[in-house]
Amino acid sequence: MIYEELPYGSRTRRTLSGAASVLFALKIDGPLVVGLGLISAFGLIVLYSASGQSTATVVRTVMRLILGTVAMLLLARVNPNFLRRMTPWLYLGGVFLLVVVAAAGHTGLGATRWLNLGLFRFQPSELMKLAVPMTCAWYLHERPLPPSFLSLLALGALIMLPVGLVAIEPDLGTAALIAVAGALVIVLAGLRVRVMAALFALAAAAAWFGWSFMHDYQRRRVLTFLDPQTDPLGAGYHIIQSQIAIGSGGVFGKGWMNGSQAQLEFLPERSTDFVFAVVGEEFGLLGLLLLLLLYMFVVARSIYLATQTQDTYARLLAGSIALTFFVYVLINAGMVTGLLPVVGVPLPLVSYGGSSVVTLLAGFGILMALYSRRKLVGS
Amino acid sequence: MPAVHIKDHWREQRLFDRRALVIGALMALATVGLIGRLILLQVVRHEYYSDLSQGNRVRTEPIPAARGLILDRNGEVVASNQPAYQLELVPEEVPNIKETLKRLAALRLLRPEELDELRRTIAVSRSFDSVPIRLHMSDEDVARFAVRRFEFPGVDIKTRQTRWYPNGDLAVHALGYVGAISEEDLKHIDRASYAGTALIGKLGVESTYEEALHGQNGFREVLVNAQGRSVERQGAFVPNLRTKAPAAGEDLLLSIDLKLQRVAEAALAGHRGAVVALDPANGGVLALVSLPGFDPNLFARGITPAEYGTLANDIDHPLFNRALRGTYPSGSTIKPVLGLAALTDHTLAADTKVFCNAEFFLPGSRHVWRADKGEPRGWLDLPEAISRSSDVFFYRLASTLGIERMAAFLEPFGYGQPTGIDIGGEKAGLLPTPDWKRKAFKRPEDQTWFPGETVNMGIGQGYLLVTPLQLAHITGMLAERGRSFRPRVVTGIRDTAGHTSWLAPIEGAPIKGVSDADWTVVIDAMIGTTHCARYCGTASAAFKDAAYEAAGKTGTAQVYTVAQNAKYNANTVSDRLRDHAWFIAFAPAQAPRIAVAVLVENAGFGASNAAPVARKMLDAYLLDAEGKLKPAPSAPAPKPAAPAAPAAPGPTVTTAAATAATGARPAAGHT
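A quick note: this is a predicted structure, and the numbers were derived from the prediction, not measured. (Residues numbered from 1 in each chain as written. Chains lettered and ligands numbered in written order. Predicted model: local features only at pLDDT ≥ 70, side-chain atom pairs only at ≥ 80, totals over all residues.)

Caption draft 1: Representation of the overall build of chain B within the structure. For chain B, the helix and strand inventory stands at 24 helices and 23 strands. Within chain B, contacts between residues separated by at least 24 positions form 75% of all contacts whose residues are at least 6 apart in sequence. (Helix = DSSP H or I, 4+ residues; strand = E, 2+ residues; numbered from the N terminus. Contact = placed C-beta atoms within 7 Å.)

Caption draft 2: Broad picture of the overall build of chain A. Each helix and strand counted, chain A has 16 helices and three strands in total. A buried classification covers 49% of the 379 residues belonging to chain A. (Buried ≥ 20, exposed ≤ 12 C-beta atoms within 10 Å, placed from the backbone.)

Caption draft 3: Geometry of the interface of chain B and chain A. The partner chain A presents 42 residues to the 37 residues of chain B that form the contact. Elements that contribute at least two residues to the side of chain B that touches chain A include exactly helix H1 (9-44) and helix H2 (46-57) of chain B. By residue number, the principal contributor to the side of chain B that touches chain A is H1 of chain B, which donates 18 residues. Classifying every residue of the side of chain B that touches chain A by side-chain character gives 19 nonpolar, 11 polar and seven charged. (Nonpolar A, V, L, I, M, F, W, Y, C, P; charged D, E, K, R; others polar.)

Caption draft 4: The arrangement of the nonpolar core in detail. Counting residues in hydrophobic clusters, the biggest one holds 134 residues, and the most contacted among them are Ala 277, Val 596 and Met 617 of chain B. Leave out the neighbours within four places in its chain, and Val 596 of chain B touches Val 275, Ala 277, Ala 472, Thr 475, Ile 584, Ala 585, Ala 614, Met 617 and Leu 618 of chain B. Core analysis: the second largest hydrophobic core is formed by 114 residues, Ala 137, Leu 294, Leu 347 and Leu 367 of chain A among them. (Core = buried A, V, L, I, M, F, W, Y, C linked by C-beta atoms within 7 Å.)

Caption draft 5: Looking closely at the environment of Gly 270 of chain B. All names here are of chain B. Within the element layout of this structure, Gly 270 appears in the loop between helix H10 (258-268) and strand S11 (273-278). Here Gly 270 falls in the exposed class, since 10 other C-beta atoms lie within 10 Å of it. When the C-alpha atoms of Gly 270 and Leu 291 are compared, they prove to be 8.4 Å apart, with 21 residues separating the residues in sequence.

Caption draft 6: Looking closely at helix H14 (residues 312-336) of chain A. All names here are of chain A. Over its 25 residues, H14 runs 36 Å from end to end, which matches the ideal 36 Å to within 8%, given 1.5 Å per residue. When you tally the buried positions in H14, you get 23 out of 25 residues, the bulk of the element. Directly after H14, the chain includes Gly 338, whose backbone phi takes a positive value near 85 degrees. (Expected span 1.5 Å × (residues − 1).)

Caption draft 7: Quick look at the confidence of the model for chain A. Per-residue pLDDT for chain A has a mean of 84; in total, 87% of the residues score no lower than 70. pLDDT under 50 marks residues 375-379 of chain A. Its contacts with residues more than four places away, or in other chains, come to four contacts. (pLDDT = per-residue confidence, 0-100.)

Caption draft 8: Examining the sheet that holds strand S8 (residues 218-223) of chain B more closely. Residues and elements named next belong to chain B. An order of S1-S8-S9 is seen for the three strands of this open sheet, with the pairing classed as antiparallel. The open sheet terminates on both sides in strands that have one partner only, identified here as strand S1 (58-63) and strand S9 (243-244). Pairing of S8 with S9 involves two bridges; the strand directions are antiparallel. Directly across from Arg 220, in S9, lies its bridge partner Thr 243. (Pairing = 2+ DSSP bridges.)

Caption draft 9: Region of interest: the packing of helix H3 (residues 30-50) of chain A against helix H13 (residues 275-308) of chain A. Residues and elements named next belong to chain A. One can describe the packing of H3 onto H13 by two numbers: an axis separation of 9 Å at closest approach and a directional angle of 165 degrees. Of the possible angle classes, the one that applies to H3 and H13 is roughly antiparallel. The interaxial crossing formed by H3 with H13 has left-handed handedness. In this structure, H3 contributes Pro 31, Leu 32, Gly 35, Leu 36, Leu 38, Ile 39, Phe 42, Val 46, Leu 47, Ser 49 and Ala 50 to the contact, and H13 contributes Val 275, Val 278, Val 279, Glu 282, Leu 291, Leu 294, Tyr 295, Phe 297, Val 298, Arg 301 and Ser 302. Partitioned by chemical class, the residues of the contact of H3 with H13 number 17 nonpolar, three polar and two charged. (Axes fitted to C-alpha atoms, helices over the stretch in contact; angles between N-to-C directions. Parallel < 35°, antiparallel > 145°, perpendicular 65-115°, else oblique. Left-handed = near helix turned anticlockwise from the far one by under 90°.)

Caption draft 10: Representation of the pairing of strand S21 (residues 551-557) of chain B. Residue and element names in this part refer to chain B. Extensive coverage of S21 is indicated by the burial of seven of its seven residues. By the alternation rule, side chains of S21 split into Ala 551, Lys 553, Gly 555 and Ala 557 and Gly 552, Thr 554 and Thr 556, which are all buried. With seven bridges joining them, S21 and strand S22 (residues 580-587) adopt antiparallel strand pairing. Looking at S22, one finds that Gly 555 is bridged to Trp 582.

Caption draft 11: The pairing of strand S23 (residues 594-600) of chain B, seen in detail. Residue and element names in this part refer to chain B. Within S23, seven of the seven residues are buried, which leaves it mostly tucked inside the rest of the structure. Along S23, one buried face is formed by Ile 594, Val 596, Val 598 and Val 600 and the opposite face, lined by Ala 595, Ala 597 and Leu 599, is buried too. Of the pairings in the sheet, the one linking S22 to S23 comprises seven bridges and is antiparallel in character. Residue pairing across strands places Ala 587 opposite Ile 594, the latter belonging to S23. Hairpin connection between S22 and S23: a loop of six residues separates the two successive antiparallel strands.

Caption draft 12: Broad picture of the sheet that holds S23 of chain B. Residues and elements named next belong to chain B. Here five strands make up an open sheet; going across it, the order is S12-S11-S23-S22-S21 and the pairing antiparallel. Looking along the sheet, the strands with just one partner apiece sit at the ends: strand S12 (285-291) and S21. Ignoring which end each strand starts from, the neighbouring axes of this sheet average 5 degrees apart.

Caption draft 13: Looking closely at unusual backbone geometry. All names here are of chain B. A cis geometry characterises the amide bond from Leu 291 onward to Pro 292, with omega recorded as -5 degrees. Here Pro 292 lies in the loop between S12 and helix H11 (297-300). Following Ala 587, the chain continues to Pro 588 via a peptide bond in cis, the omega torsion being -20 degrees. For Pro 588, the position within the fold is in the loop between S22 and S23.

Caption draft 14: Representation of the environment of Val 70 of chain A within the structure. All names here are of chain A. If you trace the backbone, Val 70 turns up in helix H4 (residues 55-76). The partly exposed category is assigned to Val 70, around which 14 C-beta atoms lie within 10 Å. Each C-alpha atom of the pair Val 70 and Leu 361 lies 8.7 Å from the other, and the pair is 291 residues apart in sequence.

In structure tokens form, the structure reads like this:
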């Protein structure tokens with residue numbers, strides 16, 4: 001796999017297929033691309049069914065996949081050092097755009113997230129999903145690890161500013177994902193276990209404190225958020241229908257385009273946030289296991305690539321990108337199966353819509369760029 | 001905190017690797033938890049969720065069963081089903097409901113005063129459900145809407161099955177009717193089996209045999225989407241849905257003869273009254289009339305409050321079933337039974353003569369019982385007293401017998417008890433006894449039975465009350481010499497395969513202890529009523545030249561008690577307080593095929609107003625087109641057995657045989 005290590009002109013080198021040469025030239029990691037490609041292909045098959053056989057939806061998703069692939073290919077060729085130097089500017093630019101969104105954004109679905117750039121609409125919060133871990137990695141790059149207390153305060157501020165701006169849009173799901181991406185960088189950087197324990201204790205205390213000061217109706221709202229099944233016609237409707245969809249799918253599923261929950265529109269958001277349930281209904285437990293296996297392969301490969309990078313910035317950023325990807329999967333699956341509260345987190349590469357496909361592939365492009373240059377540091 | 005921090009890349013790398021490994025392991029653990037959750041949902045609880053998803057997507061729609069037909073004894077349709085046109089509106093497909101309704105009203109398809117009510121009904125309906133806005137459109141309505149249909153998106157004409165009574169009000173009081181299912185009905189029925197059904201039997205045989213007529217609803221599974229709308233397919237596939245065809249209701253075969261029913265209703269037309277005709281040999285109701293009647297189609301198509309108000313407030317009470325629920329003094333129709341009582345009791349013999357003058361007194365009482373002006377005077381025997389309806393004879397007879405003995409003899413005939421006919425609502429009438437009087441009255445002075453009340457019983461007046469049905473039943477028992485059959489309207493039930501199960505006649509306890517000779521005396525006396533021999537019976541004029549021998553008895557039931565020292569004068573008494581006219585008869589007297597009781601309200605004397613109705617009915621039932629006695633139905637012309645015997649007309653032979661057997665006098669060209 002690591003073609004650079006092979007002497008130029010060796011038999012192995014020469015027997016590399018044309019495709020591998022192309023991948024090498026493009027600084028692309030073959031297994032990762034294959035994994036991502038398989039997930040996307042599976043996603044398109046599911047999406048055709050989940051959208052009610054809408055070819056237009058599939059075509060639009062293919063367009064976004066192409067756009068994301070282009071972003072991936074471009075970013076994979078970028079010099080990581082250049083990327084690192086650009087990081088603070090990217091962060092400042094992103095924060096600026098979030099402020100603009102807050103001031104003059106386009107309102108869609110009850111929340112102001114979009115920036116209309118004439119040709120296409122753009123979600124600055126998507127940009128921050130990458131910019132925040134990049135900034136954290138950039139900040140820790142020159143500092144000794146594990147991070148000092150002061151560094152933690154600074155990092156906390158760097159993370160909370162964009163998270164706060166996204167949260168007030170309001171887009172709690174994306175805000176949480178941005179925070180997770182940043183936090184993962186810090187944890188990977190070696191955040192001490194006792195500090196983590198202290199933060200957990202603090203959070204628990206704050207929650208208890210807040211709870212004791214809440215009115216009954218506010219408590220009910222929190223409880224409904226945590227356990228939507230108590231409100232079967234309101235917040236619980238989604239989750240009940242998605243559990244019915246998954247459960248009725250059984251081991252082998254009802255068959256492609258034959259899931260009654262999805263096809264007859266009992267399952268809300270069937271092609272976006274709840275597409276995982278469509279997989280469960282139509283392809284059964286086996287389909288879901290296959291999908292999870294693909295995700296795990298992609299994450300495992302990404303973590304491996306992250307461990308192979310040489311400098312702190314690359315390592316932390318690559319590790320965050322890899323793990324955040326799986327956090328998406330776990331949160332989405334947990335929410336659709338009723339394990340977690342319903343927050344708007346799409347299933348990566350399968351859910352229809354938005355700039356998340358582009359962001360995800362762009363992230364993997366950065367990951368590949370970081371990995372492909374690892375030898376250059378030493379030489 | 002150390003003063004100097006030097007980046008140790010090697011150590012940082014190991015730290016990172018360790019952290020990545022731990023986080024990766026934690027996420028793998030989370031994945032295992034997730035897979036556990038999936039196994040719980042998809043394997044352990046799979047069936048539970050399958051059921052839920054099935055319930056989500058499939059809606060069961062009822063298919064109402066066609067209601068069974070009702071046919072008379074000759075196979076003529078009494079009640080059937082008919083498609084009716086109605087206007088229906090699907091709210092979500094109508095751009096402007098208010099405007100649409102207004103324009104429909106302008107087309108005279110809706111009444112302006114009902115628009116607000118309709119708008120409310122539409123508002124509470126589901127937007128995709130078809131709401132009926134106009135029932136029972138005439139062909140003209142349908143045509144008027146059809147040409148303008150394109151102007152009314154979302155409004156369309158639908159057909160549905162409704163009950164149809166082709167003969168209108170004919171026999172309505174036996175038949176009953178179907179009407180909209182009421183809250184009261186819902187308490188008695190299985191709602192599931194009535195899903196999709198709008199009508200239910202309300203009275204008469206429609207109600208009694210509701211279960212047989214209703215049939216079994218079928219159902220159709222319909223694929224629905226989350227909005228509850230029925231859809232053709234689910235994704236790319238057409239699922240397998242179950243359908244169960246409805247089982248149509250069973251047909252009822254009535255003993256009623258619509259031809260006879262028509263004759264009876266025509267004969268009684270213009271009067272208030274009731275007629276019940278029975279086949280005495282099995283209790284089958286041949287005709288059941290209560291006039292005035294009403295059109296049951298009004299109820300089947302949904303009666304309007306105004307129409308109902310008109311019926312309910314009519315002074316002639318068309319909704320009131322006089323045949324079953326009207327209770328009247330029996331009048332003189334009780335005399336044959338009381339005569340039988342006296343003979344059986346040996347109070348008198350058939351030839352015992354009793355002197356009757358114009359008045360009757362009880363010993364020690366100044367109350368006068370007057371004879372009617374047409375009554376026979378002088379020495380009378382029982383047959384003459386029955387045939388000529390002597391009141392004074394029966395005053396004496398009653399006071400001799402006494403109330404206890406009379407009541408004991410009357411009771412087995414069914415006085416004061418419902419006959420048990422197979423249609424509901426029947427009244428029991430009243431057979432008064434001293435015992436009854438003690439219980440019925442509160443004040444002690446009212447509880448005493450007076451001897452005068454016994455005397456009144458002798459001519460069927462006083463507290464004694466009977467229904468026309470009861471009297472027909474009693475007449476049938478006289479005809480059958482004490483055999484009793486429970487009256488019934490339905491004789492057979494035909495299932496959808498065409499197989500008819502005939503209901504066996506239900507025989508009641510016969511009259512015991514009456515000698516055959518005594519039956520003959522009384523029946524002969526009743527024959528005397530319709531004939532002129534030594535003397536003319538009270539109904540001899542009505543039965544002049546009858547082609548058969550009829551046994552009858554007239555009766556007059558007082559509505560209005562004439563004051564002492566006053567004379568009842570029909571002309572001075574208000575129309576509705578005039579006496580009711582009764583006539584009971586059976587024929588042919590020696591082999592009875594029909595027993596009939598006729599009541600004409602406020603018609604005065606039974607002989608002149610009720611007997612002619614009975615005569616017309618007996619003629620219609622017993623005679624053929626040439627005015628000859630028809631062969632007895634128990635021995636029908638054996639068509640398949642003797643198809644090649646045209647030279648000697650079979651019916652004539654049978655008629656002759658029947659005539660010989662019954663001993664009826666040969667008819668003298670009655671036309």
